[in-house]
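# Close look at the chain arrangement
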Amino acid sequence: MSSEPDDRTLDVPPVADEQIFIGQGVSPGIAIGVAHPHDAGNVAVPEYKIAKDKVDSERARFTDAVSAASRQISKLQSKA
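Predicted, not measured: the structure shown is a model, and the values here were computed from it.

Let us look at the overall build of the protein chain. Helices and strands together make up the secondary structure of the protein chain, namely one helix and zero strands. Among the 80 residues that make up the protein chain, the fraction classed as buried is 0%. When the accessible surface of the protein chain is split by element, carbon and sulfur atoms take 56% of a total near 8,500 Å².

Written as structure tokens, this is what we have:
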């Protein structure tokens, strides 16, 4: 996104607490509400060693986390 004006930029004074986002719309029309900008930049992922006797429990914990995430996504999709 560029801060340079283009043909989509309105030349109007900003309202207090107003932000104008220039970018690619994903659906037609306007939206009024709270914006939740997403930054898909680099995410720091810590790395650490797991003792051999903890590998099985970590695999089980991972499997449980994937199952929980899958349930959460399904629940969100059913609300959409």
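This is not the end of the story, as more comes after the structure.
A complete count under the given rule lists one salt bridge for this structure. The salt bridge partner of Glu 58 is Arg 61, with a shortest N-O separation of 3.1 Å. With Glu 58 and Arg 61 both in helix α1 (residues 55-79) and three residues apart, this pair spans about one turn of that helix.

Attention shifts here to the environment of Ser 78. Note that Ser 78 resides in helix α1. Among the residues examined, Ser 78 registers a relative accessible area of 59% and is labelled exposed. Within the local environment of Ser 78, its side chain forms a polar contact with the backbone oxygen of Lys 75, the two atoms lying 2.7 Å apart.

The rules we used
- Per chain, residue numbering runs from 1 following the sequence as it is written.
- A pLDDT threshold of at least 70 governs which residues receive local features in this predicted model, and a stricter bar of 80 or more applies before side-chain atom pairs are shown or counted, although totals over entire chains, interfaces and linings include all residues.
- As a convention, hydrogens and water are excluded, and side-chain values are obtained from all of the structure's heavy atoms.
- A run of DSSP states H or I qualifies as a helix once it reaches four residues; a run of E qualifies as a strand once it reaches two. Both are numbered from the N-terminal end.
- Here the term buried applies to any residue with accessible area under 20% of the maximum for its type, exposed to any over 50%, and partly exposed to those in between, with areas from a 1.4 Å probe on protein chains only.
- The Shrake-Rupley method, run with a 1.4 Å probe, gives the accessible areas here. Residue values count only the displayed protein chains as cover.
- Here a salt bridge means any side-chain nitrogen of Lys or Arg lying within 4 Å of a carboxyl oxygen belonging to Asp or Glu.
- N or O atoms closer than or at 3.5 Å make up a polar contact, with two conditions inside protein: a donor-capable atom paired with an acceptor-capable one, and, for residues adjacent in sequence, both atoms drawn from side chains.

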